[in-house]
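Overview (structure and organization)
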Amino acid sequence: MKKTFIIMALAVLMGATAANAQECCKAEKKDCCQAGEKQECCQAGEKRECCQNMIIENIMTRTSIRKYKAKPVEDAKIETMLRAAMAAPTAVNKQPWHFVVVTDKDMLNKLAGEGRRGDMLRNAPLAIVVCGDMNKALEGKGREYWIQDTSAATENLLLAAHALGLGAVWTGQWPMEDRYQHTMKVLGMPDTIIPLGTMIIGYPDEQPTPKDKWKPENVSYNQYGGK
């Protein structure tokens, strides 16, 4: 049963990847990822422009989605997002993370609270709370690396959601004590599990234009202020 579930999850991701590759090749008029070669082309490590563009396009076109259709997210897609999150880099391979998947409407309502974030949670089919597990964190000065590790995992999760045709928004928890304490209470978390953020996810019911955030003035070369 578990093996079948994993195969389904991988099939979903491969299907999404193949579809993106096909669209990329169609737009670029490349022949590197034509029928039957999409996966092989990308996995073989060949420096084919259309396959590279597929990855860059996924990054550049991801944007926050705050309105969702009344459609549940499939279990296979949830596992794929979690697998992508856990593939993130982590200091000393500590993997100091824990993910709480929330699909129950009553629980989503309890998590919601007031304001815009609350409205999103009440209307979403899924939330994934990304947490730091202090039992797995480094000791001493490196302890706070859990924030970087879970942030990297969160970005992987958001990019996977976008690749799977889903929309998501990152709503911050840590270090806003009132926010993360509320989440800990609702989800029955021990003090050693700290919510970094809640990812609200669903099938998009809006199509906002991704923002172009490229600003050359935010880049220095060789030293601060270097041109």
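Let me begin by describing the structure that accompanies this report. (Residues numbered from 1 in each chain as written. Predicted model: local features only at pLDDT ≥ 70, side-chain atom pairs only at ≥ 80, totals over all residues. Heavy atoms only, no water.)

Now for unusual backbone geometry. With an omega of 5 degrees, the peptide bond between Trp174 and Pro175 qualifies as cis. Following the sequence through the fold, Pro175 ends up in the loop between strand S3 (167–172) and helix H8 (177–187). Even without a glycine there, the phi angle at Gln95 is positive, about 50 degrees. Tracing the sequence through the fold places Gln95 in the loop between helix H4 (75–86) and strand S1 (97–102). Although it is not a glycine, Asn222 adopts a positive phi angle of roughly 75 degrees. Mapped onto the secondary structure, Asn222 falls in the segment after strand S4 (193–202). Exposure remark for Asn222: the relative accessible area of 88% places this residue in the exposed category. (Helix = DSSP H or I, 4+ residues; strand = E, 2+ residues; numbered from the N terminus. Buried < 20%, exposed > 50% of the residue type's maximum accessible area, 1.4 Å probe, protein only.)

Moving on, we get to the environment of Arg122. Relative to the elements of secondary structure, Arg122 occurs in helix H6 (residues 115–123). Accessibility expressed as a relative area gives 32% for Arg122, which makes it partly exposed. Sequence separation between Arg122 and Lys110 is 12 residues; the distance between their C-alpha atoms is 8.8 Å. With residues near it in sequence (within four places) discarded, Arg122 still touches Lys105, Asn109, Ala112, Gly113 and Gly115. (Contact = heavy atoms within 4.5 Å.)

Here we come to a positive patch on the surface. A cluster of basic residues, Arg66, Lys67, Arg116, Lys211 and Lys213, forms a positive patch on the protein surface. On the secondary structure map, Arg116 appears in helix H6. (Patch = residues over 30% accessible without salt bridge, like charges linked within 9 Å, V, L, I, M, F, W, Y side chains within 5 Å. Areas by Shrake-Rupley, 256 points an atom, 1.4 Å probe, with all protein chains shown as cover. Salt bridge = Lys/Arg side-chain N within 4 Å of Asp/Glu carboxyl O. Lys, Arg positive; Asp, Glu negative; His and termini not counted. Charge placed at Lys NZ, Arg CZ, Asp CG, Glu CD.)

Per the stated rule, a full pass over the model turns up three salt bridges. Two residues, Arg83 and Glu79, come together in a salt bridge whose shortest N-O distance is 2.9 Å. In this pair, Arg83 and Glu79 both sit in helix H4, four residues apart, roughly one turn of the helix. In this structure Arg83 comes out as partly exposed when scored by relative accessible area, which is 40%. Glu79 sits in the buried class, given a relative accessible area of 17%. Of the charged contacts, one joins Arg122 and Asp119 as a salt bridge, the two residues approaching to 3.1 Å between their closest N and O atoms. Residue Arg122 and its partner Asp119 are both found in helix H6; the two are separated by three residues, about one turn of the helix.

Turning our eyes to something else, we now look at the packing of aromatic side chains. Here the structure, examined in full by the defined rule, presents three aromatic pairs. Judged by centre distance (6.3 Å) and plane angle (45 degrees), the rings of Trp97 and Phe99 are tilted. A single burial state applies to Trp97 and to Phe99, both of which are buried. Residues Trp174 and Tyr180 carry aromatic rings whose centres are separated by 5.1 Å and whose planes lie at 40 degrees to one another, so their mutual orientation is tilted. Pairwise contacts between aromatic rings join Trp146, Trp174 and Tyr180 into one cluster. The ring centre of Tyr203 lies 4.1 Å from the NZ or CZ of Lys71, which sits over that ring. (Phe/Tyr/Trp six-rings, centres within 6.5 Å; stacked < 30°, edge-to-face > 60°. Lys NZ or Arg CZ within 6 Å of the ring centre and 35° of its normal.)

To continue, consider H6. When H6 is considered as a whole, its buried residues turn out to be Arg117, Gly118, Met120 and Leu121. Summarising the axial view, the buried residues of H6 lie within an arc of 160 degrees, below the 170-degree limit, and thus occupy one face. Exposed residues on H6 whose side chains face more than 90 degrees from its buried face are Arg116 and Asn123. The inward-facing, buried residues of H6 abut helix H5 (105–112), strand S2 (126–133), S3, H8 and S4. (Arc of directions from axis to C-beta.)

A few words on the nonpolar core. With 23 residues, the main nonpolar core has Met81, Phe99, Leu126, Ile128, Leu157, Leu166 and Ile201 as its most contacted residues. Elements that contribute at least two residues to this core include exactly H4, S1, S2, helix H7 (145–163) and S4. Here Ile128 is in contact with Met81, Leu82, Phe99, Val100, Val101, Leu157, Gly197, Thr198, Met199 and Ile201, once residues within four sequence places are set aside. Grouped together as the second largest cluster of nonpolar side chains are 12 residues, Tyr68, Met120, Leu121 and Ile200 included. (Core = buried A, V, L, I, M, F, W, Y, C linked by side-chain atoms within 4.5 Å.)

To continue, consider the packing of H5 against H6. Axis separation between H5 and H6 bottoms out at 8 Å; the angle between their running directions is 180 degrees. Taken together, the axes of H5 and H6 are roughly antiparallel relative to one another. Of the residues in H6, those in contact with Lys105, Leu108, Asn109, Leu111 and Ala112 of H5 are Arg117, Gly118, Leu121, Arg122 and Asn123. When the residues that make up the contact of H5 with H6 are grouped by side-chain class, the tally is four nonpolar, three polar and three charged. (Axes fitted to C-alpha atoms, helices over the stretch in contact; angles between N-to-C directions. Parallel < 35°, antiparallel > 145°, perpendicular 65-115°, else oblique. Nonpolar A, V, L, I, M, F, W, Y, C, P; charged D, E, K, R; others polar.)

All we've got here are geometric facts, nothing functional implied.
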